[in-house]
Amino acid sequence: MIAALLAAAAVSATCDLERPSGEAGCTRAVVDRLPMNAIQVIGTHNSYKMAIAPNEFALIRAVNPKEADAIDYSHPPLPRQLDAGARQLELDIVYDPQVGLYANPLGYRSGQGKAPYDFAPLKLPGLKVLHEPSVDYRSVCPRFTDCLSDIRAWSKAHPGHVPILVILNLKEGGLSLPGATVAPRFDAAGMDAIDREIRSVFPEAALITPDQVQGRHATLREAAAAGAWPRLKAARGRVMFALDYPPDQVARYREQRRVLEGRVAFVNIDESSPAAGYITLNEPQTQRERIAAAVRAGLIVRTRADADTREARAGDTSRQTAAFASGAQYVSTDYMQPDARFGPYVARVPGGVAARLSPVEPPGR
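Residues numbered from 1 in each chain as written. Predicted model: local features only at pLDDT ≥ 70, side-chain atom pairs only at ≥ 80, totals over all residues. Heavy atoms only, no water.

### Description of the sheet that holds strand β1 (residues 39–44)
Pairing in this open sheet of 5 strands is mixed, and the strands run β8-β9-β10-β1-β11 from one edge to the other. In this open sheet, the two strands that pair with only one neighbour each are β8 (278–280) and β11 (356–357). As paired elements, β8 and strand β9 (residues 300–304) share 3 bridges and run parallel to each other. Bridge pairing in β9 links T280 to R302. This element, helix α13 (residues 288–296), spans β8 and β9 of the sheet and lies at about 155 degrees to β9. (Pairing = 2+ DSSP bridges. Helix = DSSP H or I, 4+ residues; strand = E, 2+ residues; numbered from the N terminus. Contact = heavy atoms within 4.5 Å. Axes fitted to C-alpha atoms, helices over the stretch in contact; angles between N-to-C directions.)

The structure is reproduced here in C-alpha cells:
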C-alpha cells in the first residue's frame, strides 16, 4: 500500500497512463502500480449507432422534431472508435428468443425500403444491438456477438490498453404505434444469454468480473472500499462489462444472489448495496458531489460530457468540463470528433492523452 501511494504521488497530472513517456513520474513501472479505478478516460454513448436513413428521419422529424434532434448522431465502427482513443463503449441489446423479430422494422417499411440495409444478421440467432427496434435500428454491429468480436479482436491487437468498460443497456418494449416492434422482456433465460454470449467471445483472463474484484471480501462494496480493483499492470488488455439497468432489471440479473456470484457484469446500483462496484451518474453538474463521493468510496463511475446533441449544437463545454472535474473514471460523449453540421464541439480527455490520473483519489491510490 505504501508503495502504491508513493507511486500515485509521483505520477504527473499530464502523464498518459496508457502510453507512459518514460520521464520521471510517468514511467510504466510507476503507472502500473496504480489501481485501475485511478484512471480517467473518454468513451462513446450508444457506440453502435448509425445515422437514420434521411427519408426515414424526415418522417420522425415531421412527427416529433425534438426527438429527432435528440437522436441525430452516429458513430463509426467500434474498432475505429477504439483507434481514436475510446476506452468505454455502450451497447443497447434486445432479446430475440424467436429469432428475426427485428428484421422488418416499421421505419424501413414506412420509408418504402428506399435506403438499403442488410437485415441478414438480424435473422440469425442471438441478442441484437440497436437503439429502437422500429425507427432507429441501424447498427454498426447488429448482433451482440459481432460487437463483442470486434472489441475482442481490437483488444488482442493492442494488449497495452487500459481497461475498456463496455456498458450494456437492456431495451424492452417499443413505440405505441401500429406495426411497431415490441422488444420482449428479458426473462431468466435472456439474462443468462448475456453472460453466455460474452463468455463465448472473451476468455476469463480477458475479463474483469465482480467475483475477481470481490475476492475474499464479504461483498463487492467492501472490496471496492478496500481498494481491491486490479492494478493497471494486471488490468491492461482486459475488458469490464457493466449493466446500466433500472432496479427491476438489476434484480432480474442478480436473481437470488447475495452479490453477483458467477455473473460476468457489474450492475448500476446504489452505493449502499452489497453489489456496489459500478454506478452510472450521468449529470456531472448536479451530481458532482455524489460522483466524487462514489469514486472515493472505491466505485467506478460513468458520466456524460454531452447528451441529446444539445451541447454540440450550442458549442457548450460546461457539462464536459464538469464531467472531467467530477473524477468519474469513464466520461461518455457522442463527439469524439466534431459534427460539421453543428460546429466545432468535441470532447477529449484534458491534455489530449488517452488516459490520465483521475482528479479524485480512490481507495488504495
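What follows picks up the thread again.
### A short note on the side chain of E311
Its place among the elements puts E311 in helix α14 (residues 310–314). R319 is the oppositely charged side chain nearest to the buried, salt-bridge-free E311, at an N-O distance of 4.0 Å. Beyond its immediate chain neighbours, meaning those up to four positions away, E311 contacts A305, D306, D316, R319 and Y345. (Buried < 20%, exposed > 50% of the residue type's maximum accessible area, 1.4 Å probe, protein only. Lys, Arg positive; Asp, Glu negative; His and termini not counted. Salt bridge = Lys/Arg side-chain N within 4 Å of Asp/Glu carboxyl O.)

### Side note on the environment of L220
On the secondary structure map, L220 appears in helix α10 (residues 220–225). C-alpha of L220 to C-alpha of P274: the two residues are 54 residues apart in sequence and 5.9 Å apart in space. Sequence-distant contacts of L220, that is, excluding residues within four places in its chain, are made with P210, V213, Q214, V259, L260, F266, P274, A275, A276 and G277.

### A word on the pattern of salt bridges
Following the criterion strictly, the structure yields 29 salt bridges and no others. Among the ionic pairs, D92 bridges to K171, the shortest N-O distance being 3.7 Å. With D92 in strand β2 (residues 88–94) and K171 in the loop between β4 (164–170) and α8 (188–201), the pair connects residues that are 79 residues apart, well separated along the chain. Among the salt bridges present, the one from R263 reaches E255, with a minimum N-O distance of 3.9 Å. Relative accessible area serves as the criterion here: at 3%, R263 is assigned to the buried category.

### Focus: the packing of helix α7 (residues 144–157) against α8
Axis separation between α7 and α8 bottoms out at 9 Å; the angle between their running directions is 35 degrees. In terms of crossing hand, the pair formed by α7 and α8 is right-handed. Facing F144, T145, L148, S149 and R152 of α7, the residues of α8 in contact are I194, E197, I198, S200 and V201. Its residues assigned to classes, the contact of α7 with α8 shows 5 nonpolar, 3 polar and 2 charged. (Left-handed = near helix turned anticlockwise from the far one by under 90°. Nonpolar A, V, L, I, M, F, W, Y, C, P; charged D, E, K, R; others polar.)

### Focus on the side chain of R236
Residue placement: R236 occurs in the loop between α11 (232–235) and β6 (239–243). A distance of 2.7 Å separates a polar atom in the side chain of R236 from the backbone oxygen of L17. Not counting chain neighbours up to four residues away, the residues in contact with R236 comprise L17, E18, R28, V31, D32, P159, G160, H161 and V162. (Polar contact = N/O pair within 3.5 Å; in protein donor to acceptor, adjacent residues only side chain to side chain.)

### Focus: the pairing of strand β10 (residues 330–333)
Here β10 shows two buried faces, one formed by Y330 and S332 and the other by V331 and T333. Examined bridge by bridge, β9 and β10 share 3 bridges and lie parallel to one another. Within the sheet, the bridge partner assigned to R302 lies in β10 and is Y330.

### Examining the state of the cysteines
Counted by the stated rule, this structure contains 2 disulfides. Residue C15 pairs covalently with C26 via a disulfide, S to S 2.2 Å. Sign of the S-S torsion, about 80 degrees for the bond between C15 and C26, identifies this disulfide as right-handed. Here C15, found in the loop between α1 (2–10) and α2 (28–31), pairs with C26, found in the loop between α1 and α2; they are 11 residues apart in sequence, far enough to count as distant. Each member of the pair, C15 together with C26, is buried. Bridging C141 to C147, the disulfide has an S-S length of 2.0 Å. In this structure, the disulfide formed by C141 and C147 twists by about 100 degrees around the S-S bond and is classed as right-handed. Assessed through its relative accessible area of 2%, C141 is described here as buried. Each disulfide in the protein links cysteines that, numbered along the sequence, combine into the pattern 1-2, 3-4. (Disulfide = S-S within 2.5 Å.)

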